[in-house]
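Chains, contacts and geometry: an overview
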Amino acid sequence: MQGSSGWARFRRSESASGLSMIAPPGIYVILLLAVPLFTVLLTSFYTDGVTETGAKAALPILTFENYAEVWTKPIYRVLMWRSLLISLSVTCITVLLAYPIAYFVSFHVAPSKKSLWLFLITIPFWTSYIIRVFLWKVVLGYNGVFSSGLEMVGITDGPMSFLTNGAVAVTVTLAHAYAPFAILPIFVALEKIDRSYLEAGQDLGETKFTTFVRVTLPLSMPGVIAAVLIVFIPTVGDYVTPDLMGGGKLPLIANAIETQMLKLQHRALGSAMAVSAMAIVALVTVLFLILNRRFLRGNSR
Amino acid sequence: MKTVQRKPWGHRAYAIAYLIFLYAPIILLPVFAFNNSVILAFPLEGFTTKWFGEMWADQQMFNALRNSVTVAFSSAAISTILGLFAARASTRFRFPGKGPVVALVMLPLVLPEMILAMSLLVLFLSVGVNLSILTVILGHVLVTTPFAVAILTSAFQSLDRSLEEAAYDLGETPSSTFRLIILPLVMPGIVASFLICFTVSLDEFIISYFLSGTEPMLSAYIYGQFRFPANVPKVMALGTILVLLSVGLLALAEFYRRRGMARTGGKASGGFL
């Protein structure tokens, strides 16, 4: 191979094989993910207007006005805060509920039955999301399953609704929808823990509880961090749940984006809202990662 | 080899309560699908199969179903092929820019779907592409490819590299080695990936809603039906069938995934993802 040119040598190298192998999916995501995201960023600086033919469009007149509107109008600030608060509470509840399950499957289920448990946990996730959300409405709604159940047991007398507080209903539904996303990364992290560490801890006089707090929990933190992010980021942009559960009375940022993009056809303003929302999500994510960096550093060794 | 110590009842009780929470809404599907009442509430009003009949007679539903199955089939096929390339590249080769490209391929898994849907809409409108089933497929491939990559990566990882080298030593070319040795070994992974991507695409709502234009899609059809209380039991019947279908497909996918593990000598552990 010594006499060949640099290009011929590159073509036969591992890098070239790898690059040509990654090219089809790589080009696909560049064209249909990176380019669209960049287009949104660009459109967010355009001006919503009307073309010569009378159609509504984002005109290529650069401006900061969309951002000014998104960041100063109280309505958008309320929407953003509400989305963030609901996402954060969903994330906390989902991860707190998921940890014991992941722990149970990893530590107390016989190895031969672990796959079955994981399969059982993931099945509900594979059924239609919209139907699941609607069914929560049936469970929590006026004279719903929950209400009539309580009535039958004799705790309450008469039908009642658990949907009056839209935020609670949205939180419960989202916590259900994202449960497997939280359980799986925590389970994987727990599975990786060398069980002899725990025995060592107990041999050195730690109780079960202190072993958990000082050994198991810190070692499983990478999984918890992954779970937090994988729940938090998509829930900020959830559209179906607030629309169905809140009955349109409790819109979140995604509902506002949909209204601007599809109903009002204000594509520039909608883009600015989306970019702002993603920027806030990115900021929270980075802050969260910085706060937890000591757990991640240990893992990357 | 330390066996599991005495099983604490608290953990087990919590696990069962959690499973009830997970399954509560899904168990209600067949209950209300067979319940002889338009209102979804207890006490039940008696057994009926009329909602299934009503669903079966709904031409709109079949139109939407046909579109959704076309989309699911196409996006599952495309994303499995793209997933094969990505999984092969990331498990077999080292090359510059590998991390960022693979991260970009996996990004839709965490990106809110609303962002994906609207960014594709903005792009298609600015380029002048008409919205149709094709645009939905393009969008769904983005969402399903990360699942394909995850499943196929684990299939390729359990592959013994010495088999490949043995084939080269015996005079096979890279392409014939891939066809004769690697492909049969990862075939179960390919089937599992196809089935999972199909299920994900069939359920997807927001991208279908944004990018389908005037074409009816199953998830958007279901969403629309919830506006009319009289149509809800019919949707429960449809939902029951869809759940059975999904669970069947997943059980099949899991079966193939485990068979693949057994074939390559790996140990079947863990679940999807």
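Just so we're clear, the structure is a prediction, and the values are computed from it rather than from any experiment. (Residues numbered from 1 in each chain as written. Chains lettered and ligands numbered in written order. Predicted model: local features only at pLDDT ≥ 70, side-chain atom pairs only at ≥ 80, totals over all residues.)

Considerations on the overall build of chain B
Stated precisely, the cut-off is as follows: Helix numbering and strand numbering both begin at the N terminus, where a helix is a DSSP run of H or I of at least 4 residues and a strand a DSSP run of E of at least 2. Exposed residues have 12 or fewer other C-beta atoms within 10 Å of their own C-beta, buried residues have 20 or more, and residues in between are partly exposed; the C-beta atoms are placed from the backbone. By the criterion used throughout, residues are in contact when their C-beta atoms, derived from the backbone, lie within 7 Å.
Of regular secondary structure, chain B possesses 11 helices and 0 strands. If you list the helices and strands of chain B from N to C, you get α-α-α-α-α-α-α-α-α-α-α. Seen along its three principal axes, the alpha-carbon backbone of chain B occupies a region of about 70 × 65 × 30 Å. Within chain B, buried positions represent 46% of all 273 residues. Sequence-distant contacts in chain B: of pairs separated by 6 or more residues, those separated by 24 or more amount to 78%.

Here we look at the overall build of chain A
Keep this limit in mind: For the radius of gyration, the atom set is restricted to C-alpha positions; the globular benchmark scales as 2.2 Å times the number of residues to the power 0.38.
The helix and strand tally for chain A stands at 15 helices and 2 strands. Against the globule reference of 19 Å for 301 residues, chain A gives a C-alpha radius of gyration of 25 Å, more extended than a compact globule. Principal-axis analysis of the C-alpha atoms gives chain A an extent of 85 × 75 × 35 Å. Excluding contacts between residues fewer than 6 apart, the proportion of contacts in chain A whose partners are at least 24 apart in sequence is 68%.

Section: the pairing of strand β1 (residues 47–50) of chain A
Residue and element names in this part refer to chain A. The line we're drawing: We call two strands paired when DSSP finds no fewer than two bridges between them.
Relative to strand β2 (residues 56–59), β1 runs antiparallel, the two sharing 4 bridges. When the bridges of β2 are listed, glycine 49 appears paired with alanine 57. Remark: 5 residues form the turn of the hairpin made by β1 and β2, two consecutive strands paired antiparallel; glycine 54 in that turn has positive phi of roughly 90°.

Regarding the environment of Asn255(A)
All names here are of chain A. Structurally, the position occupied by asparagine 255 is in helix α13 (residues 253–263). For asparagine 255, a count of 21 C-beta atoms within 10 Å translates into the label buried. Expressed as a C-alpha distance, the spacing of asparagine 255 and alanine 200, which sit 55 residues apart in the sequence, is 52 Å.

Observations concerning the nonpolar core
Threshold: Core membership is restricted to buried Ala, Val, Leu, Ile, Met, Phe, Trp, Tyr and Cys residues, and these are joined into a nonpolar core through C-beta atoms within 7 Å.
One finds Ile186(A) and Met118(B) to be the most contacted residues of the largest nonpolar core, which totals 159 residues. With 13 residues, the single largest contributor to this core is helix α6 (residues 133–157) of chain B.

Structural notes on the packing of helix α2 (residues 14–43) of chain A against helix α5 (residues 113–127) of chain B
Applicable threshold: Every angle, taken between N-to-C directions, lies between 0 and 180 degrees, and every axis is a line fitted to C-alpha atoms, over only the stretch in contact when it is a helix. Note on terminology: angles under 35 degrees are roughly parallel, angles over 145 are roughly antiparallel, angles of 65 to 115 are roughly perpendicular, and the others are oblique. Each residue gets one label: Ala, Val, Leu, Ile, Met, Phe, Trp, Tyr, Cys and Pro are nonpolar, Asp, Glu, Lys and Arg are charged, and the others, such as Gly, are polar.
Their axes nearest at 8 Å, the elements α2(A) and α5(B) cross at an angle of 80°. Judged by the angle between their axes, α2(A) and α5(B) are roughly perpendicular. Residue-level contacts link Leu32(A), Val35(A), Pro36(A), Leu37(A), Thr39(A), Val40(A) and Thr43(A) of α2(A) to Met118(B), Ser119(B), Leu120(B), Val122(B), Leu123(B) and Ser126(B) of α5(B). Here the residues of the contact of α2(A) with α5(B) sort into 9 nonpolar, 4 polar and no charged.

Concerning the environment of Pro233(B)
All names here are of chain B. Mapped onto the secondary structure, proline 233 falls in helix α11 (residues 232–263). With 24 C-beta atoms counted inside 10 Å, the residue proline 233 sits in the buried group. Distance in space between the C-alpha atoms of proline 233 and isoleucine 39 is 8.0 Å, their sequence separation being 194 residues.

Regarding the packing of helix α14 (residues 267–291) of chain A against α5(B)
Applicable threshold: Left-handed is the label given to a crossing in which the near helix is rotated counterclockwise from the far helix by less than a right angle, and right-handed is the label when the rotation is clockwise.
Between α14(A) and α5(B), the least distance of the axes is 11 Å, while the angle of their chain directions is 145°. Considering only the axes of α14(A) and α5(B), their crossing is left-handed. Of the residues in α5(B), those in contact with Arg267(A), Gly270(A), Ser271(A), Ala274(A) and Met278(A) of α14(A) are Ile115(B), Met118(B) and Val122(B). Among the residues making up the contact of α14(A) with α5(B), the classes are represented as 5 nonpolar, 2 polar and 1 charged.

Quick look at the confidence of the model for chain B
Residue and element names in this part refer to chain B. The following threshold applies: The predictor's confidence in any single residue is recorded as pLDDT, a number from 0 to 100.
With 92% of its residues at a pLDDT of at least 70, chain B reaches an overall mean of 84. Low confidence marks residues 1–5, where pLDDT is under 50. Its contacts with residues over four positions away, or in another chain, come to 3 contacts. Predicted confidence is poor over residues 267–273, with pLDDT under 50, and the contacts of this stretch with residues over four places away or in other chains come to 17 contacts. Two summary scores accompany this predicted model of the complex, namely pTM at 0.84 and ipTM at 0.82.

Overview of the environment of Gly248(B)
Residues and elements named next belong to chain B. Topologically, glycine 248 is positioned in helix α11. For glycine 248, a count of 12 C-beta atoms within 10 Å translates into the label exposed. C-alpha of glycine 248 to C-alpha of alanine 76: the two residues are 172 residues apart in sequence and 17 Å apart in space.

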